[in-house]
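Residue-level listing of the chains:
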Amino acid sequence: MFRTKMTQIICVACIALLVGCAAGNDPQPFPGGSGKYTHLVWQDEFDKEGLPDTSKWNYERGYLRNRELQYYTVGRTENVTQRNGNLVITARNDSAMIDGQVCPVTSASITSRNKGDWKYGRIEVRAKLPLCLGTWPAIWMMPTKGTYGGWPKSGEIDIMEHVGYEPNKIYFNLHTEKYNHTKGTGRGSSVDCSDAYKEFHVYAVEWFEDHIDWFFDNNKVFSVQNDQTGWESWPIDQPFYIILNFAFGGAWGGQKGVDLSALPQEYLIDYVRVFQ
């Protein structure tokens, strides 16, 4: 009887240990935040090799916005690949022949549009940033359908932006029709970080019906409230998708010039996780 009981106890302990070890291999709830969003609904750990998973990501193509210098390529491993457990987006000064034209600077931008779209939740990304004069990596969200019209009417959520001429600053912003930088009414903030280009950090937002909170390494650093004045100030009531891009030069990234000789530069993303 004693031996049987001891055997049962040992078996139960072993099972508990195995379950605990197995759970340790899965994404765990984050230590910071409100505690409301804890159910993992979408993720990419970038644990494979080669191009990103096309069931989760689309590519942007070409010269798109903000007078940026890079041409966004599609499915070109020189500009985007998975390697050693990271998504690697590389800006290159390679004068590549792309889509029938010579593109002096190439890079990549991927989006989850129509493959990962959410209304409310916690969006969390762990990343290490590139750095030289001209770099402009970002983690941001745009509306899937643009219910209220083109930018900035339907909103933009900037989870993280960084420009190479300010290496020790991380920026967070929310753009709407009523509040945006083109009118001098932008709502944003920044934190000091001396090693964002040397170490990985966690960038996140928690998006609620009446406000959005921004987090840096699980510490809340910024918040914007719905001021209840209509869609012009709060169009953030519709599904949004994620964009991971590495711009070079342009209206903000190139304000202090660019250093083409410092390319290539790599932007590393360890994971993307969405909780609801």
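On a predicted model such as this, the values are computed, not experimentally measured, just so you know. Within each chain, residues carry numbers counting from 1 in the order of the written sequence. Reporting in this predicted model follows two pLDDT cut-offs: at least 70 for local features of residues, and 80 or more for side-chain atom pairs to be given and counted; totals over whole chains, interfaces and linings ignore these cut-offs and use all residues. The side-chain values count all of the structure's non-hydrogen atoms but skip hydrogen atoms and water molecules.

Student: How would you summarise the overall build of the chain if you had to cite specific residues and measurements?
Tutor: Here a strand is any run of E in DSSP of at least two residues, a helix any run of H or I of at least four, and the numbering for each starts at the N terminus. The helix and strand inventory of the chain stands at two helices and 20 strands. The burial tally for the chain puts 49% of its 276 residues in the buried class. Excluding contacts between residues fewer than 6 apart, the proportion of contacts in the chain whose partners are at least 24 apart in sequence is 71%. For each residue, the accessible area found with a 1.4 Å probe, counting protein chains only, is set against the maximum for its type, and the residue is called buried under 20%, exposed over 50%, and partly exposed in between. Should any heavy atoms of two residues lie within 4.5 Å, those residues are counted as being in contact.

Student: Break down the packing of aromatic side chains for me, citing the residues and quoting the values.
Tutor: The relation between two aromatic rings is expressed through the spacing of the ring centres and the mutual angle of the planes. Working definition: rings of Phe, Tyr and Trp (its six-membered ring) pair if their centres are within 6.5 Å, and the pair is stacked with planes under 30 degrees apart, edge-to-face with planes over 60 apart, and tilted otherwise. What the rule picks out here adds up to 13 aromatic pairs. Aromatic side chains Y37 and F208 sit 5.0 Å apart centroid to centroid with 25° between the ring planes, which places their arrangement in the stacked category. Of this pair, Y37 sits in the loop between α1 (2-24) and β1 (40-44) while F208 sits in the loop between β16 (201-207) and β17 (211-216), placing them 171 residues apart in sequence. Given a relative accessible area of 7%, Y37 falls into the buried group. Taken together, the aromatic side chains of W42, F46, W57 and W118 make up a single cluster linked through ring pairs. Two limits define a charge over a ring: the Lys NZ or Arg CZ must be within 6 Å of the ring centre, and within 35 degrees of the ring normal. The ring of F215 is capped by R122, whose NZ or CZ atom sits 5.1 Å from the centre of that ring. Seen from the ring of Y271, R273 lies directly overhead, with NZ or CZ sitting 3.6 Å from the centre.

Student: Could you give an account of a nonpolar patch on the surface, naming the residues involved and the relevant values?
Tutor: A residue counts toward a patch only above 30% relative accessible area and without a salt bridge, and it is joined to like-charged neighbours within 9 Å or, for Val, Leu, Ile, Met, Phe, Trp and Tyr, to nonpolar neighbours within 5 Å. Using the Shrake-Rupley algorithm and a 1.4 Å probe, accessible areas are obtained, with residue cover drawn only from the displayed protein chains. What makes a salt bridge here is a side-chain nitrogen of Lys or Arg within 4 Å of a carboxyl oxygen of Asp or Glu, nothing more. A grouping of L69, V258 and L260 is seen on the molecular surface, where their side chains present a nonpolar patch of about 200 Å² in accessible area. The residue L69 is located in the loop between β2 (58-59) and β3 (70-72) in this model.

Student: Give me the lowdown on the nonpolar core, citing residues and values where you can.
Tutor: In this text, buried Ala, Val, Leu, Ile, Met, Phe, Trp, Tyr and Cys residues form a nonpolar core when linked through side-chain atoms within 4.5 Å. I157, Y203, L244 and I269 are the most contacted members of the largest nonpolar core, which totals 51 residues. When sequence neighbours within four positions are dropped, the list of residues in contact with Y203 reads I123, E124, V125, A127, L129, I139, I159, M160, I170, A196, F215 and F216. Within the second largest apolar cluster, seven residues are counted, among which are Y72, V163, A247 and W252.

Student: Explain the pattern of salt bridges to me, using residue names and the numbers behind them.
Tutor: Considering all chains together, one arrives at 15 salt bridges under this definition. For the salt bridge of E177 with K183, the shortest nitrogen-to-oxygen distance reads 3.5 Å. The exposure class assigned to E177 is buried, which follows from its relative accessible area of 19%. K178 is the salt-bridge partner of D227, the closest N and O atoms lying 3.7 Å from each other. Residue D227 is found in the loop between β18 (219-225) and β19 (240-248), and its partner K178 is found in the loop between β14 (169-175) and β15 (187-192); the two are separated by 49 residues along the sequence. On the accessibility criterion, K178 (34% relative accessible area) is partly exposed.

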